[in-house]
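Structural overview for review
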Amino acid sequence: MESYLLDWANLLLRWLHVITAIAWVGSSFYFVFLDSSLTPPVDEDLKKQGVNGELWAVHGGGFYHPVKFNVSPPKLPDHLHWFYWESYTTWLSGFALLTVSYLWNAKIYLVNPANPNAMGSGAAIVAALAFLVVFWLLYDGICRVFGQKKNGDAIVGALVLVLVCIAAFLACHIFPGQAAFLLMGAMLATSMSANVFFWIIPGQRTVVKALKEGQPVDPIHGKRGKQRSVHNTYFTLPVLFAMLSNHYGWLYSHELNWLVLILMMFAGAAIRQFFVMRHGFKLGRNAHPWPYALVGVLVLIGTALWLKPAPVASAAAAPAPVAQPAAPAAAAADGAAGYAQLAPLFQQHCVVCHGAALQQKNVRLDSPEQVKAHAQQIYQQVVQLRKMPFGNPGALSEDERNLVKRWYESGAPVN
């Protein structure tokens, strides 16, 4: 029953998280586009009102004319829309999903199977939460110290890149690969939402308060908010990659998975830079940003070539199976693998999560009948996606995966 309820919680939280993330990312992308596409106003009345940029657009059968004021409008409207619940709801639902999926079963998902005695469940939970908090404190400190200095954006960008690389290396050496990738995404997403909570919204509230009281508005609040908003847009694609990566075991199970993570996040940030600058190129403000897209695509292609699987020997020439008990005569005759050879493998690597005590995803693998019923899922998760054992796919050798492959392709016999 606990597993069933957790699955429902996982489903509903994931649904909410995706919906709110779409809203947050969509509004973020739109305002980056808007800010990059504004042109000086033509109308003299707009200039007198303090407008420094305008955009004409057509969408859904209507025409839109958004304008941007220098620091503040001459009169504050009665209704002012705030963009923050998209961020807060995304983070809250994401943290709840992290709790249900990983922290609740830390012993399975956060403790590194390669060295289970190095860190218990409690320590693993503390370490995971520390990644979220410590990164934000260090990142925020870098922005505070260097953000407003000469060449501050370049300095902050370089230091944050180094910080992300260090965090990726540590995460992949402390946690199993799948958890490490996910925590890196959660770490960056936490900083994105913290930027909204601690800097962007408070700065805007300060500006609105000053306007209502008839006080002069300090432009520093707008500059700081804009800087953090720009950081958020470059974090977006790396975060989305990290969140999607848990479906692809061949990514996070690589022995240099920390480098894989860094390369993929770097490619995402470079491609995002292309999309940010292309609006300025259309208006003649900067050169064509194709080099950023090219660098991002080349990094992706290079990583894909680097990770390509080595040729696998044919079933007839495959190494001796892991388990020693003889397979049924009919299976052995044509090089296929039998259930007797697989049973010890399932018992060692699978039953802890798919046995009598616990049935993750309602899958049970402690009897021949159950194994037969889930044969296709076993093949997909173990051979095609290389995702299992969950959190530590490296626990299975190539010989063991080939054993599962031969068993499934021979009809998945269990007798």
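Definitions and cut-offs
Residues numbered from 1 in each chain as written. Predicted model: local features only at pLDDT ≥ 70, side-chain atom pairs only at ≥ 80, totals over all residues. Heavy atoms only, no water. Core = buried A, V, L, I, M, F, W, Y, C linked by side-chain atoms within 4.5 Å. Buried < 20%, exposed > 50% of the residue type's maximum accessible area, 1.4 Å probe, protein only. Helix = DSSP H or I, 4+ residues; strand = E, 2+ residues; numbered from the N terminus. Contact = heavy atoms within 4.5 Å. UniProt positions renumbered as here; feature names shortened; annotations may be inferred. Salt bridge = Lys/Arg side-chain N within 4 Å of Asp/Glu carboxyl O. Phe/Tyr/Trp six-rings, centres within 6.5 Å; stacked < 30°, edge-to-face > 60°. Lys NZ or Arg CZ within 6 Å of the ring centre and 35° of its normal. Axes fitted to C-alpha atoms, helices over the stretch in contact; angles between N-to-C directions. Left-handed = near helix turned anticlockwise from the far one by under 90°. Nonpolar A, V, L, I, M, F, W, Y, C, P; charged D, E, K, R; others polar. Parallel < 35°, antiparallel > 145°, perpendicular 65-115°, else oblique. Expected span 1.5 Å × (residues − 1).

Some points on the nonpolar core
With 58 residues, the main nonpolar core has L110, Y139, F175, M184, M187 and L188 as its most contacted residues. Broken down by secondary-structure element, the contributors of at least two residues to this core are helix 3 (85-103), helix 4 (106-109), helix 5 (121-146), helix 6 (152-174), helix 7 (177-212), helix 8 (220-244), helix 9 (249-252) and helix 10 (257-282). Per-element accounting of this core gives the leading share, 16 residues, to helix 7. Setting aside anything within four residues of it in sequence, one finds F175 in contact with L110, N112, M119, A124, A127, A128, F131, A180 and L183. In this structure, L365, V371, V382 and W407 belong to the second largest nonpolar core, which totals 18 residues.

Some thoughts on the UniProt feature "transmembrane region" (unreviewed entry) in the chain
The feature "transmembrane region" (unreviewed entry), as annotated in UniProt, sits at residues 12-33, 82-104, 124-142, 154-176, 182-201, 233-252, 258-277 and 289-307 in this numbering. Helix and strand shares over residues 233-252 are 80% and 0% respectively, and the end C-alpha atoms of the span are 24 Å apart. For residues 258-277, the helix share is 100%, the strand share is 0%, and the end-to-end C-alpha distance is 29 Å.

A look at the pattern of salt bridges
Considering all chains together, one arrives at seven salt bridges under this definition. Across the salt bridge formed by D35 and K226, the nearest N and O atoms sit 2.6 Å from each other. Of the two residues, D35 is situated in helix 1 (residues 2-37) and K226 in helix 8; the sequence distance between them amounts to 191 residues. On the accessibility criterion, D35 (24% relative accessible area) is partly exposed. E44 serves as the salt-bridge partner of K47, at 3.4 Å between the closest nitrogen and oxygen. With K47 and E44 both in helix 2 (residues 44-49) and three residues apart, the pair spans about one turn of that helix. For K47, a relative accessible area of 42% corresponds to the partly exposed category. Linked through salt bridges whose partners overlap, the residues forming this network are D35, K68 and K226.

Describing unusual backbone geometry
Although it is not a glycine, N151 adopts a positive phi angle of roughly 60 degrees. With respect to the helices, strands and loops of the structure, N151 is situated in the loop between helix 5 and helix 6. Of note, the phi angle at A412 is positive, near 55 degrees, even though the residue is not glycine. Relative to the assigned elements, A412 resides in the segment after helix 16 (398-409).

Details of the packing of aromatic side chains
Within this structure, the stated rule accounts for 21 aromatic pairs. Ring centres of F181 and F241 lie 6.4 Å apart, and the angle between their planes is 55 degrees; this geometry places the pair in the tilted category. Residue F181 is located in helix 7, and its partner F241 is located in helix 8; the two are separated by 60 residues in the primary sequence. Across the pair, exposure class does not vary: F181 and F241 are buried alike. Put simply, the rings of Y84, W85, Y88, F135, W136, Y139, F197, F198 and F235 pair up and form one aromatic cluster. The ring of W82 has R205 lying over it, and the distance from NZ or CZ to the ring centre is 4.8 Å. The positively charged end of R272 is found above the aromatic ring belonging to F29, 3.8 Å away from the centroid.

Quick word on the packing of helix 6 against helix 10
Where helix 6 contacts helix 10, the two axes come as close as 8 Å, and the packing angle between them is 145 degrees. With respect to the hand of their crossing, helix 6 and helix 10 are arranged in right-handed fashion. Side by side, helix 6 and helix 10 meet where V164, C165, A168, F169, C172 and H173 of the first sit next to N257, W258, L261, I262 and M265 of the second. Of the residues contributing to the contact of helix 6 with helix 10, the split by class is nine nonpolar, two polar and no charged.

Side note on the packing of helix 5 against helix 6
As a packed pair, helix 5 and helix 6 sit with axes 9 Å apart at the nearest point and diverge in direction by 165 degrees. By the criterion of interaxial angle, the relationship of helix 5 to helix 6 is roughly antiparallel. Here helix 5 runs over helix 6; the crossing is right-handed. On helix 6, the residues touching F131, F135, L138, Y139, I142, C143 and F146 of helix 5 are G152, I155, V156, L159, V160, L163, V164, A167, L170, A171 and I174.

Focus on helix 6
With 23 residues, helix 6 extends 32 Å from end C-alpha to end C-alpha; this agrees with the ideal 33 Å at 1.5 Å per step. Within the sequence span of helix 6, burial applies to G152, V156, V160, L163, V164, A167, A168, A171 and C172. Buried residues in helix 6 make contact with helix 5, helix 7, helix 8 and helix 10.

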